[in-house]
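Descriptive analysis of the structure
Single-letter residue listing:
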Amino acid sequence: MQDLFSDLIPVLPERETLADGALLLRGQALGSEKELIASLTEITMQAPFRHMTTPGGFTMSVAMNNCGPLGWVSDRSGYRYSPVDPQTGNNWPEMPDCFLQLAQNAAAKAGYKNFVPDACLINRYEPKNKLSLHQDKDEKSPEHPIVSVSLGLPATFQFGGLKRTDPVLKYALHHGDVVVWGGPSRLYYHGITPLKEGEHPLLGRCRINLTFRKAA
Ligand code: SIN
Ligand code: FE2
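About the criteria used
Residues numbered from 1 in each chain as written. Chains lettered and ligands numbered in written order. Predicted model: local features only at pLDDT ≥ 70, side-chain atom pairs only at ≥ 80, totals over all residues. Heavy atoms only, no water. Helix = DSSP H or I, 4+ residues; strand = E, 2+ residues; numbered from the N terminus. Rg over C-alpha atoms; globule rule 2.2 N^0.38 Å. Buried < 20%, exposed > 50% of the residue type's maximum accessible area, 1.4 Å probe, protein only. Pairing = 2+ DSSP bridges. Axes fitted to C-alpha atoms, helices over the stretch in contact; angles between N-to-C directions. Salt bridge = Lys/Arg side-chain N within 4 Å of Asp/Glu carboxyl O. Polar contact = N/O pair within 3.5 Å; in protein donor to acceptor, adjacent residues only side chain to side chain. Contact = heavy atoms within 4.5 Å.

1. Considering the overall build of the protein chain
- A tally of regular secondary structure across the protein chain gives 3 helices and 13 strands.
- Compactness check: the protein chain gives a C-alpha radius of gyration of 17 Å against a globular reference of 17 Å for 216 residues, within 12% of the reference.
- With the C-alpha coordinates aligned to their principal axes, the bounding extent of the protein chain is approximately 60 × 35 × 35 Å.
- The buried share of the protein chain, taken over its 216 residues, is 52%.

Here it is, written out as structure tokens:
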């Protein structure tokens, strides 16, 4: 029986190069999923998810919070990194060790040694939510990579080039997948297409994305 059906199960490579400097590590976060989710619950109790406002006055559909010394914030005055959560007036929750370990191990596998992120943006997508094509360019240390961890419902990740009009490749990201991009592709346009409806056994009706950066 096994042989009859084995052809039908898509076998995805464990690591896939997306571009020069960019690597997809499938299942990299699975070993620490329980710890990651427990830490996430703690963080969310101190810094609740919220829908930030863009400088243009739109409310973002993706809910966000942060942990670590710096957090990414957006409001009518622009995008920036702040040590303080504007909603609570407190510092952002500490970055848990299991977050840091995962980010550093993934970066090292992609060839980025000594990655010490000082910011972890936590994105929560519900079905239909998307993140339009954008560049991550609010960081002062673009020599460091971006490490992006996917948990919960699957999503389609778009990865383009240095120009918004460059062709975009699409990759399915599943629970536990980690994407690292830096060096020549550090400023590549990327985004998430509208999330499909679904229910994840550990996280329910949502996708969580952790994005680690060296912002300062
Ligand atoms: C981001 O670009 O900040 C997040 C990408 C993702 O959700 O995978
Ligand atoms: Fe981004």
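Moving on, there is more to tell.
2. A short note on the sheet that holds strand 10 (residues 169-173)
- Reading across the sheet, the 4 strands line up as 7-12-9-10 and stay open at both edges, with antiparallel pairing between neighbours. Edge strands, defined here as strands with exactly one partner in the open sheet, are strand 7 (131-134) and strand 10. Neighbour-to-neighbour, the strand axes of the sheet open up by a mean angle of 20 degrees, direction not taken into account.
- Relative to strand 12 (residues 190-192), strand 9 (residues 155-159) runs antiparallel, the two sharing 3 bridges. From the neighbouring strand, phenylalanine 159 faces strand 12, where its bridge partner is histidine 190.

3. Looking at the pattern of salt bridges
- Enumeration over the complete set of coordinates arrives at 10 salt bridges.
- A salt bridge links glutamate 16 to arginine 26; the shortest N-O distance between them is 3.1 Å. You can see glutamate 16 sitting in strand 1 (residues 15-19) and its partner arginine 26 sitting in the loop between strand 2 (22-25) and helix 2 (33-46), a full 10 residues away along the chain.
- By relative accessible area, which is 23% here, glutamate 16 ends up partly exposed.
- Classification of arginine 26 as buried rests on a relative accessible area of 16%.
- Because the salt bridges share partners, they merge into one network encompassing Asp136, Glu139, Arg186 and Arg213.

4. Quick look at the pairing of strand 9
- Buried residues dominate strand 9, accounting for 4 of its 5 residues.
- In this structure, strand 9 lies alongside strand 10, joined through 5 bridges in antiparallel fashion. Its bridge partner being in strand 10, threonine 156 is matched across the sheet by alanine 172.

5. Quick look at the side chain of serine 82
- Here serine 82 is to be found in strand 5 (residues 78-82).
- A polar atom in the side chain of serine 82 sits 2.9 Å from the backbone oxygen of valine 84.
- The residues contacting serine 82, other than those within four sequence positions of it, are Pro69, Leu70, Gly71, Val73 and Trp92.

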